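Examining the three-dimensional arrangement
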Amino acid sequence: SMLLPVNKIQRQLSTDEQILEFFWGADSIYVISITDQNTNIFSIAKDLAADSLFSSVYQFMNGTPSFEQDQIRNYSLWTNTLYKKFFDPFIRKKKVTIIPDGPLSLLSAEALVVEHKPGKFSYNTLDYLIHHCEISYAYSSSILFRNDLKEVKKIDNVLAFSYSGGPGIPTLAN
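Figured I'd write up the structure that's included with this text. (Residues numbered from 1 in each chain as written. Predicted model: local features only at pLDDT ≥ 70, side-chain atom pairs only at ≥ 80, totals over all residues. Heavy atoms only, no water.)

Looking at helix H2 (residues 48–62)
Owing to its 3.6 residues per turn, the α-helix aligns residues three or four sequence positions apart on the same side. Relative to the 21 Å expected for 15 residues at 1.5 Å per residue, H2 spans 21 Å between its end C-alpha atoms, a close match to the ideal helical length. What H2 keeps buried is the set Ala 50, Leu 53, Phe 54, Ser 55, Val 57 and Phe 60. In this fold, the buried residues of H2 make contact with strand S1 (17–24) and helix H3 (69–86). Sitting at the head of H2, Asp 47 places a side-chain oxygen 3.3 Å from the backbone nitrogen of Ala 49. (Helix = DSSP H or I, 4+ residues; strand = E, 2+ residues; numbered from the N terminus. Expected span 1.5 Å × (residues − 1). Buried < 20%, exposed > 50% of the residue type's maximum accessible area, 1.4 Å probe, protein only. Contact = heavy atoms within 4.5 Å. Polar contact = N/O pair within 3.5 Å; in protein donor to acceptor, adjacent residues only side chain to side chain.)

Quick look at the structure:
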C-alpha cells in the first residue's frame, strides 16, 4: 500500500477540519493530529484503569439499556473520563475525522460525555460530544485520501505504525 505525505493531507483539509489518528501500542497509545496548519504526535501512557473503563463502557453500550439513575450516572462518568483522556486534549476543530485503533474502534466517540454534571440524570440531557463537533470515521488516512495516492511518486521521510500480531495486542476483558 502507498503512504500519503502529511502535506498532501493538510492541503485537503479546510480550516475547520482535523484528523485524529490513533495507534494502540504495547505501552502507549499514540495520537496523530493533523489540521490544515499543524501536525502533532502525542503519546498517552497505557494504564489498567483506562482498559477497565473501555471494557465497562463497551459492555454497557452492548448490554440491555438501563434507565436507573446509578447506571446513567456511571455512563456519564465513565464516558467523560474516556473523553478527557483520549479526545479533549487533542480536538481543536469543529469537524473531526477519527481513525481509531484498539478498543477505540469499538466505541462511538460522539456518544462520549464532554462534561459530567451532577444532578438528576437522563440520557437525553447528557452533554455528548456530538453536540460540540461533527465526527466522522475512516479506516486510514491512505484510504480517506486514496484519490491523491495516484500522484505520489516518492516519500522522503516516513513515520509508520503497523500491526504486529504478537503479544500485547489490546483486547477487551469479558
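Alright, that's what it looks like, and here's the rest.
Describing the nonpolar core
Leu 20, Phe 22, Phe 86, Phe 87 and Leu 129 are the most contacted members of the largest nonpolar core, which totals 26 residues. A total of four residues in this core trace back to one element, the largest contributor, which is H2. Not counting the four nearest positions on each side in its chain, Phe 22 is found in contact with Ile 29, Tyr 30, Val 31, Phe 86, Phe 87, Ile 98, Ile 99, Pro 100, Asp 101 and Leu 104. Within the second largest apolar cluster, eight residues are counted, among which are Leu 4, Ile 9, Leu 13 and Ile 34. (Core = buried A, V, L, I, M, F, W, Y, C linked by side-chain atoms within 4.5 Å.)

Remarks on the pattern of salt bridges
All told, the structure shown has four salt bridges when counted by the stated rule. Measuring nitrogen to oxygen at the nearest pair gives 4.0 Å for the salt bridge that ties Lys 93 to Asp 36. Note that Lys 93 is positioned in the loop between H3 and strand S4 (95–99) and Asp 36 in the loop between strand S2 (28–35) and strand S3 (39–45), a separation of 57 residues in sequence. The class for Lys 93 is partly exposed, based on a relative accessible area of 23%. Residue Asp 47 is joined to Lys 85 by a salt bridge in which the shortest nitrogen-to-oxygen separation is 2.7 Å. (Salt bridge = Lys/Arg side-chain N within 4 Å of Asp/Glu carboxyl O.)

Brief notes about the packing of H2 against H3
At a minimum axis separation of 10 Å, H2 and H3 run at an interaxial angle of 135°. Judged on the interaxial angle alone, H3 and H2 are oblique. Helix-helix and strand crossings are classified by hand; for H2 and H3 the assignment is left-handed. The residues of H3 that touch H2, namely those facing Ala 50, Leu 53, Phe 54, Ser 56, Val 57, Phe 60 and Met 61, are Gln 71, Tyr 75, Trp 78, Thr 79, Thr 81, Leu 82, Lys 85 and Phe 86. The residue inventory of the contact of H2 with H3, partitioned by class, reads ten nonpolar, four polar and one charged. (Axes fitted to C-alpha atoms, helices over the stretch in contact; angles between N-to-C directions. Parallel < 35°, antiparallel > 145°, perpendicular 65-115°, else oblique. Left-handed = near helix turned anticlockwise from the far one by under 90°. Nonpolar A, V, L, I, M, F, W, Y, C, P; charged D, E, K, R; others polar.)

Details of H3
For H3, built from 18 residues, the straight-helix expectation of 26 Å at 1.5 Å per residue is met to within 8% by its first-to-last C-alpha distance of 26 Å. Turning to H3, its buried residues number three or more, namely Ile 72, Asn 74, Tyr 75, Ser 76, Thr 79, Asn 80, Leu 82, Tyr 83 and Phe 86. Structurally, H3 contributes buried residues whose contacts are with S1, S2, S3, H2, strand S5 (113–115) and strand S6 (127–128).

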